[in-house]
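Residue-level structure breakdown
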Amino acid sequence: FTGLAQQPLYLGWLSWFSLVPLIFVLNRLESLKEFIKAGFIWGFVYNLTVIFWLAMNIGTTPFIGLISMLGAVLYCSLNCTIICFIMGMLKFRYSQNWFWFMPFVWTTIEYIRNMDLQTGGPWTSIANTQLDFLTLVQNAEVTGIYGITFWLILLNVAIFNWIDSPF
């Protein structure tokens, strides 16, 4: 759902709760290896749905375009793998409230990734999903895209917490 929330489908509202299933999956995992695997799978599917257009947009043969796009998807998936790896370490250290660190970890990794185009660039930022909501996205004037990303991840974590322990 997070990938579908990206443009041009106008489904940005999906990102308000689309990470909740990922958090439920991470909550069930027991080893760092499982966190890495889950992060890579989630990152691969997300990035494939977000940057699929690279295969048709780079001015080369379809085969080379497909290989380039898959390479970019694999490379960009490392960011989600790192996020889940760090979240796994935090879960083992803070077993009850580990998920509240997710907005900080995700936003930090996204910031580091966007420092130069070789590490993914801003194409895959979660904040891009909110372009259709002008009132919300205008907060980026104050916080940048990272404030929007932080808010979206925090909203997902709060929804997870409410579902997991409603009282």
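All residue numbers here refer to positions counted from 1 along the written sequence of the relevant chain. A pLDDT threshold of at least 70 governs which residues receive local features in this predicted model, and a stricter bar of 80 or more applies before side-chain atom pairs are shown or counted, although totals over entire chains, interfaces and linings include all residues. No hydrogens and no water enter the side-chain calculation; it runs on all heavy atoms of the structure.

Strands are runs of DSSP state E lasting at least two residues, helices are runs of H or I lasting at least four, and both sets are numbered from the N terminus onward. Regarding its fold elements, the protein chain presents 7 helices and 0 strands. Sequence-ordered secondary structure for the protein chain, helices as α and strands as β, is α-α-α-α-α-α-α. As a reference, a globule follows 2.2 Å times the number of residues to the power 0.38, and the radius of gyration itself is taken over C-alpha atoms. Radius of gyration (C-alpha) of the protein chain: 16 Å, near the 15 Å computed for a compact globule of 167 residues. The principal-axis extent of the C-alpha atoms belonging to the protein chain is close to 55 × 40 × 25 Å.

A turn of α-helix holds 3.6 residues, and therefore any two residues three or four places apart point the same way. Multiply 1.5 Å by the residue count of a helix minus one, and that product is the helix's expected span. If you check helix 2 (residues 32–50), its first and last C-alpha atoms are 26 Å apart, about what 19 residues at 1.5 Å a residue would give, namely 27 Å. Categorising residues by exposure relies on relative accessible area from a 1.4 Å probe, with only protein chains included: less than 20% of the type maximum marks a residue as buried, more than 50% marks it as exposed, and the intermediate range marks it as partly exposed. Of the residues making up helix 2, those classed as buried are Phe35, Ala38, Gly39, Trp42, Gly43, Tyr46, Asn47 and Val50. Down the axis of helix 2, the buried set is contained in an arc of 150 degrees. They therefore lie on one face. Of the exposed residues in helix 2, those oriented more than 90 degrees away from the buried face are Lys33 and Lys37. Contacts were defined at the residue level, with two residues in contact if any of their heavy atoms lie within 4.5 Å. Close packing links the buried residues of helix 2 with helix 1 (20–28), helix 4 (62–93) and helix 5 (102–113). Our arc is simply the arc of the directions from the helix axis toward the C-beta atoms.

With that settled, consider the packing of aromatic side chains. Geometry of aromatic contacts follows a simple scheme: Phe, Tyr and Trp rings, the Trp one being its six-membered ring, pair when their centres are within 6.5 Å, and the pair is stacked under 30 degrees between planes, edge-to-face over 60, tilted otherwise. Summed over all chains, the structure comprises 13 aromatic pairs. Judged by centre distance (4.7 Å) and plane angle (75 degrees), the rings of Phe24 and Phe160 are edge-to-face. With Phe24 in helix 1 and Phe160 in helix 7 (residues 140–164), this pair connects stretches of sequence that are 136 residues apart. With a relative accessible area of 0%, Phe160 lands in the buried category. Summarising the aromatic geometry, the rings of Trp42 and Trp106 are spaced 5.5 Å apart at their centres and angled 80 degrees between planes, so their arrangement reads as edge-to-face. On the criterion of sequence distance, the pair formed by Trp42 in helix 2 and Trp106 in helix 5 is long-range, its members being 64 residues apart. In this structure, Trp42 and Trp106 share a single accessibility class: buried. Every member of this aromatic cluster is reached through a ring pair, and the members are Phe24, Trp98, Phe99, Trp100 and Phe160.

Before going further, it helps to spend a moment on a nonpolar patch on the surface. Patches in this entry comprise residues that are over 30% relatively accessible and not in a salt bridge; like charges within 9 Å are linked, as are nonpolar side chains (Val, Leu, Ile, Met, Phe, Trp, Tyr) within 5 Å. Surface accessibility in these figures is a Shrake-Rupley result with a 1.4 Å probe; residues are shielded only by whichever protein chains are displayed. By salt bridge we mean one thing: a side-chain nitrogen of Lys or Arg within 4 Å of a carboxyl oxygen of Asp or Glu. On the surface, Phe1, Leu4 and Leu9 cluster together to form a nonpolar patch covering roughly 320 Å² of accessible area. Mapped onto the elements, Leu9 comes out in the segment before helix 1.

As for its position among the elements, Thr129 is in the loop between helix 5 and helix 6 (134–137). The term polar contact refers here to a pair of N or O atoms within 3.5 Å; inside protein, the definition further demands a hydrogen-donor-capable atom paired with an acceptor-capable atom, and it admits residues adjacent in sequence only when both atoms are side-chain atoms. One polar contact links Thr129 to Ser15, side chain to side chain, over a distance of 2.9 Å. Among the polar contacts made by the side chain of Thr129, one reaches the side chain of Gln130 at a distance of 2.8 Å.

What follows is about helix 7. Here helix 7 contains 25 residues, and its C-alpha end-to-end distance of 30 Å is more than 12% below the 36 Å for a straight helix at 1.5 Å per residue. By definition, a residue's bend is the angle between the axes fitted to the seven residues ending there and the seven starting there. Most pronounced at Tyr146, the bend in helix 7 amounts to some 65 degrees. By the burial criterion, the buried members of helix 7 are Ile148, Thr149, Leu152, Ile153, Asn156, Val157 and Phe160. Looking at the buried residues of helix 7, the elements they touch are helix 1, helix 5 and helix 6.

Our next topic: the state of the cysteines. Cysteine sulfur atoms that pair up within 2.5 Å are treated as a disulfide. All told, the structure shown has 0 disulfides when counted by the stated rule. No disulfide involves Cys84; its nearest neighbouring cysteine sulfur is the one of Cys80, lying 6.9 Å away.

Turning to the packing of helix 2 against helix 4, a few remarks are in order. Every angle, taken between N-to-C directions, lies between 0 and 180 degrees, and every axis is a line fitted to C-alpha atoms, over only the stretch in contact when it is a helix. Direction vectors running N to C along helix 2 and helix 4 enclose 145 degrees, while the axes themselves pass 6 Å from each other. For the pair helix 2 and helix 4, the sense of crossing is right-handed. For this classification, the nonpolar set comprises Ala, Val, Leu, Ile, Met, Phe, Trp, Tyr, Cys and Pro, the charged set comprises Asp, Glu, Lys and Arg, and every other residue, Gly included, is treated as polar. Broken down by class, the residue content of the contact of helix 2 with helix 4 amounts to 18 nonpolar, 6 polar and 1 charged. If you view the pair so one helix is near and one far, a crossing is left-handed when the near helix is turned anticlockwise from the far one by less than a right angle, and right-handed when it is turned clockwise.

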